[in-house]
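# Examination of the molecular architecture
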Amino acid sequence: MNRAIAIANQKGGVGKSTTAINLSACLAEAGKRVLTIDIDPQGNTTSGLGIDKNNVNNTVYELLLGECEISDCIIDLEIDNLSLIPSNINLSGAEIELIGVENKEYILKSNIEQMKEQYDFIIIDCPPSLNMLTINAMTTADTVLVPIQCEYYALEGLTQLMHTIDLVQERLNPDLEIEGVVFTMYDARTNLSLQVVENVKANLNQMIYKTIIPRNVRLAEAPSYGLPITLYDSKSAGAESYRLLAEEVLHRGDEEWL
Ligand code: ATP
Ligand code: MG
């Protein structure tokens, strides 16, 4: 089995990059071969995995513009089983530079195709917008994982996101599925978090992961050390929750396990 998962929500700051970094690390820890692709010009997943984003020659930008081969931009990280295609601010110009380029929706997909067999999971961190970069992630992906932050405006924007996924399914990638929804930054001390979870469950007809990621300060600290939570604080509540999420992702569709 291998699966490419795009982590998308055009709402900013909901935990996409934190989930990309730590889900990747937990799947790698479980012995799976993982390629993480950062397709956000902010490069948070790149720096969060310990790579100096201002000091990389070949990034996803060069790949999309056809200026490098895929093998030139994959970095084998010091973390076992984990590789990364990095990103940085240069990528913010890609959308404009790709105007008029034929099949620009499929550039990432056509490059990944030749590498796909080498990995069990490909995890793609999307930018907070529904642009050509996100479209490239969604044509490459088998599934879309949607992080939802446990805050008052959680449902806002989800309609557009679901509509975009539907359009991509209809026109560009008929096999695309929704992987599921994962709640992030859950604060057990407030009623609000609980209300948001219940509200989303009542209003969103999607598969929702049982694992809920708590608000955990160690998760917020880890990126500044360039480490995933499994290496920064392996026993923290954040690490345990991402391990549980990885277990669920590993057993998705496996009826016996549920
Ligand atoms: P963007 O839309 O800008 O790409 P994002 O959706 O990728 O944002 P993150 O960068 O993962 O979101 O998270 C936003 C902020 O919240 C970061 O500072 C991150 O460290 C923090 N954060 C994310 N998840 C948690 C958590 N479970 N507990 C505590 N802090 C968290
Ligand atoms: Mg991000």
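A brief report on the enclosed structure follows. What you are looking at is a predicted structure, and each value in this text was computed from that prediction instead of being measured.

Scoring rules and cut-offs
- Residues numbered from 1 in each chain as written.
- Chains lettered and ligands numbered in written order.
- Predicted model: local features only at pLDDT ≥ 70, side-chain atom pairs only at ≥ 80, totals over all residues.
- Heavy atoms only, no water.
- Helix = DSSP H or I, 4+ residues; strand = E, 2+ residues; numbered from the N terminus.
- Buried < 20%, exposed > 50% of the residue type's maximum accessible area, 1.4 Å probe, protein only.
- Contact = heavy atoms within 4.5 Å.
- Areas by Shrake-Rupley, 256 points an atom, 1.4 Å probe, with all protein chains shown as cover.
- Lys, Arg positive; Asp, Glu negative; His and termini not counted.
- Charge placed at Lys NZ, Arg CZ, Asp CG, Glu CD.
- Near = heavy atom within 4 Å.
- Polar contact = N/O pair within 3.5 Å; in protein donor to acceptor, adjacent residues only side chain to side chain.
- Nonpolar A, V, L, I, M, F, W, Y, C, P; charged D, E, K, R; others polar.
- Core = buried A, V, L, I, M, F, W, Y, C linked by side-chain atoms within 4.5 Å.
- Disulfide = S-S within 2.5 Å.

## A look at the overall build of the protein chain
Across its full length, the protein chain holds twelve helices and seven strands. Buried positions account for 55% of the 258 residues belonging to the protein chain. Long-range contacts, defined as pairs at least 24 residues apart, comprise 78% of the intrachain contacts of the protein chain with a sequence gap of at least 6. Entry remark: accessible area of the protein chain is about 11,900 Å², with carbon and sulfur atoms responsible for 46%. Here the protein chain contributes 18 positive and 37 negative side-chain charges, whose respective centroids are spaced 6 Å apart.

## Brief notes about the side chain of Asn136
By the element assignment, Asn136 lies in helix α7 (residues 132–140). A relative accessible area of 1% places Asn136 in the buried class. If sequence neighbours within four positions are ignored, Asn136 has contacts with Ile39, Leu64, Lys104, Glu105, Tyr106, Ile107 and Leu108.

## Notes on the site of ligand 1
Within the structure, ligand 1 sits among 18 residues, and Lys16, Ser17, Thr18, Pro214 and Asn216 are positioned closest to it. Thr18 is positioned with one of its side-chain polar atoms (N or O) 2.5 Å from an oxygen atom of ligand 1. Taking Asp40, its side chain carries an N or O atom lying 3.5 Å from an oxygen atom of ligand 1. Every element with two or more residues in the shell around ligand 1 is listed here: α1 (16–29) and α10 (217–221). Broken down by element, the shell around ligand 1 gets its largest block of residues, three residues, from α1. Partitioned by chemical class, the residues of the shell around ligand 1 number seven nonpolar, seven polar and four charged.

## Observations concerning the nonpolar core
If you look at the biggest cluster of nonpolar residues, it comprises 52 residues, and the most contacted ones within it are Ile37, Ile39, Ile85, Leu108 and Ile148. Apart from the residues within four sequence positions on either side, Ile39 is in contact with Val60, Leu64, Leu91, Leu108, Ile124, Asp125, Cys126, Pro127, Leu133, Asn136 and Ala137. Core analysis: the second largest hydrophobic core is formed by 32 residues, Leu27, Ile79, Ile123 and Tyr242 among them.

## Some thoughts on the environment of Pro86
When you line up the elements, Pro86 lands in the loop between β4 (82–85) and α5 (94–97). Sequence-wise, Pro86 and Ile37 are 49 residues apart; in three dimensions their C-alpha atoms are separated by 6.5 Å. For Pro86, the residues in contact, after removing those within four places along its chain, are Asp38, Thr46, Val56, Asn58, Thr59, Val60, Cys73 and Ile75.

## Some remarks on the state of the cysteines
Evaluated as defined, the whole model comprises zero disulfides. Cys126 carries a free sulfur, and the closest cysteine sulfur to it, the one in Cys73, is 16 Å from it. Between Cys150, a free cysteine, and Cys26, which holds the nearest cysteine sulfur, the sulfur-to-sulfur gap is 18 Å. Classification of Cys150 as buried rests on a relative accessible area of 7%.

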